[in-house]
Amino acid sequence: MFDKIVLASGNVGKLKEFSRLFAEQNIDILPQSQFNTPECPEPYSTFVENALAKARHAAKHSGLPALADDSGICANALGGAPGVLSARYAGSDPKSDTANNAKLSADLADQADQSCYYVCVLVLVRHEHDPQPIIAEGIWRGQWQQQAAGSNGFGYDPHFFLPEHGCTAAELAPEVKNAVSHRGQALQELLDKIHAEM
C-alpha cells in the first residue's frame, strides 16, 4: 500500500531515523524539501492537530502519502508546559536547546513535583484529504533533573531522568533509547497499524 512516504520535516536526524526504520518495511522515506514544500504553520495547542496539519501540508505539495510527527516534553507541575512549544520554549530567535533547558530548570526549581513526560504523536495521511489518518502516540515518563548529564541525546534529554534506568535519556545507549523512547513507542504502534492494512 505504501512504497514512498514524504516526511513532513526538515530535520536531518529525523529523516535518518525514519528512513532506517521504514527501510525494513521496503518503504522509501523522502524529505519534503525534495518537493519544495514551504514551512507549515503550527498554530495549534495539541500535538495531534499540529502533526495532522504538517502531514496534510506535505501530502498537498508532494501528491504522496505523508508522515509528520509532533513531539515535546510536558511538566505536570506546569500544567503540561512546555508541550507543543518545547522546541521554542525560551524563544525562537534562535531556537536553543541550552536556553530551553535553562528556562525549564528555572520554572521547575521551586516545584515539589518534578515529574515530566515526553510525548510523540505520529500522523500518516494517504493523501491530503484523507478522512481517516493513521495516528500513533508514545508517552515516556521520567523526572526532571536540574543537573544535566550525558551527551547521547538532544533537546531536553540531559535533564530527563529515568528512575528505572538510573540515568538520563542522554546517558542511555542509542539502541536502548530507540526501543523505549516516546518516538520508539509511537513508531512501533504506527508500523503495527500499517501492517494491519497491508
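Look up: the structure comes first, before these words.
Nothing here was measured: the structure is a model prediction, and the numbers come from that model.

Before we go on, may I ask you to explain the pairing of strand E4 (residues 115-125) in this structure?
Each regular strand displays side chains that alternate between the two surfaces of the sheet. Counting buried residues along E4, eleven of its eleven residues qualify, which places the element largely inside the surrounding structure. Every second residue of E4 is oriented toward a common face, with Ser115, Tyr117, Val119, Val121, Val123 and Val125 on one face and Cys116, Tyr118, Cys120, Leu122 and Leu124 on the other, all of them buried. Pairing between strand E3 (residues 66-75) and E4: ten bridges, direction antiparallel. Across the sheet, the residue bridging to Asp69 is Leu122, located in E4.

Which parts of the structure should I look at to understand the nonpolar core?
A general trend in soluble globular proteins is that nonpolar side chains are found buried together. Counting residues in hydrophobic clusters, the biggest one holds 18 residues, and the most contacted among them are Ile5, Phe18, Phe22, Leu67, Leu122, Leu124 and Leu190. The set of elements that each furnish at least two residues to this core consists of strand E1 (4-7), helix H1 (12-23), E4, strand E5 (134-144) and helix H5 (182-197). With five residues, H5 is the single largest residue contributor to this core. Ignoring sequence-local partners within four residues, the contact set of Ile5 consists of Phe22, Ile27, Asp28, Ile29, Leu30, Pro65, Ala66, Leu67 and Leu124. Ala8, Ala51, Ala58 and Val119 belong to the second-largest nonpolar core, a separate cluster that totals 16 residues.

Is there a simple way to think about the pattern of salt bridges in this case?
Where side chains of opposite charge bring their charged atoms close, a pairing between them can arise. Evaluation of the coordinates by the stated rule reveals eight salt bridges. The closest approach of N and O atoms between Asp69 and Lys14, which form a salt bridge, is 2.7 Å. Taken together, the positions of Asp69 in strand E3 and Lys14 in helix H1 put the pair 55 residues apart, joining distant regions of the chain. Considered together, Asp69 and Lys14 belong to a single accessibility category, that of buried residues. The salt bridge partner of Glu189 is Lys193, with a shortest N-O separation of 3.2 Å. A residue pair is termed a helical-turn pair when its members lie 3 or 4 positions apart in one helix, as Glu189 and Lys193 do in helix H5 at four residues.

What is the right way to read helix H3 (residues 97-108) from this model?
Residues separated by three or four positions in an α-helix point in the same direction, a consequence of the helix having 3.6 residues per turn. The terminal C-alpha atoms of H3 lie 16 Å apart, and with twelve residues this matches the ideal 16 Å at 1.5 Å per residue to within 8%. Considered for burial, the residues of H3 that qualify are Asn100, Asn101, Leu104, Ser105 and Leu108. Projected onto a plane normal to the axis of H3, the buried residues spread over an arc of 130° and lie on a single side. Those residues of H3 that are exposed and angled more than 90 degrees off the buried face are Thr98 and Ala106.

What counts and what doesn't
- Residues numbered from 1 in each chain as written.
- Predicted model: local features only at pLDDT ≥ 70, side-chain atom pairs only at ≥ 80, totals over all residues.
- Heavy atoms only, no water.
- Buried < 20%, exposed > 50% of the residue type's maximum accessible area, 1.4 Å probe, protein only.
- Helix = DSSP H or I, 4+ residues; strand = E, 2+ residues; numbered from the N terminus.
- Pairing = 2+ DSSP bridges.
- Core = buried A, V, L, I, M, F, W, Y, C linked by side-chain atoms within 4.5 Å.
- Contact = heavy atoms within 4.5 Å.
- Salt bridge = Lys/Arg side-chain N within 4 Å of Asp/Glu carboxyl O.
- Expected span 1.5 Å × (residues − 1).
- Arc of directions from axis to C-beta.

Nothing here speaks to function; it is geometry throughout.
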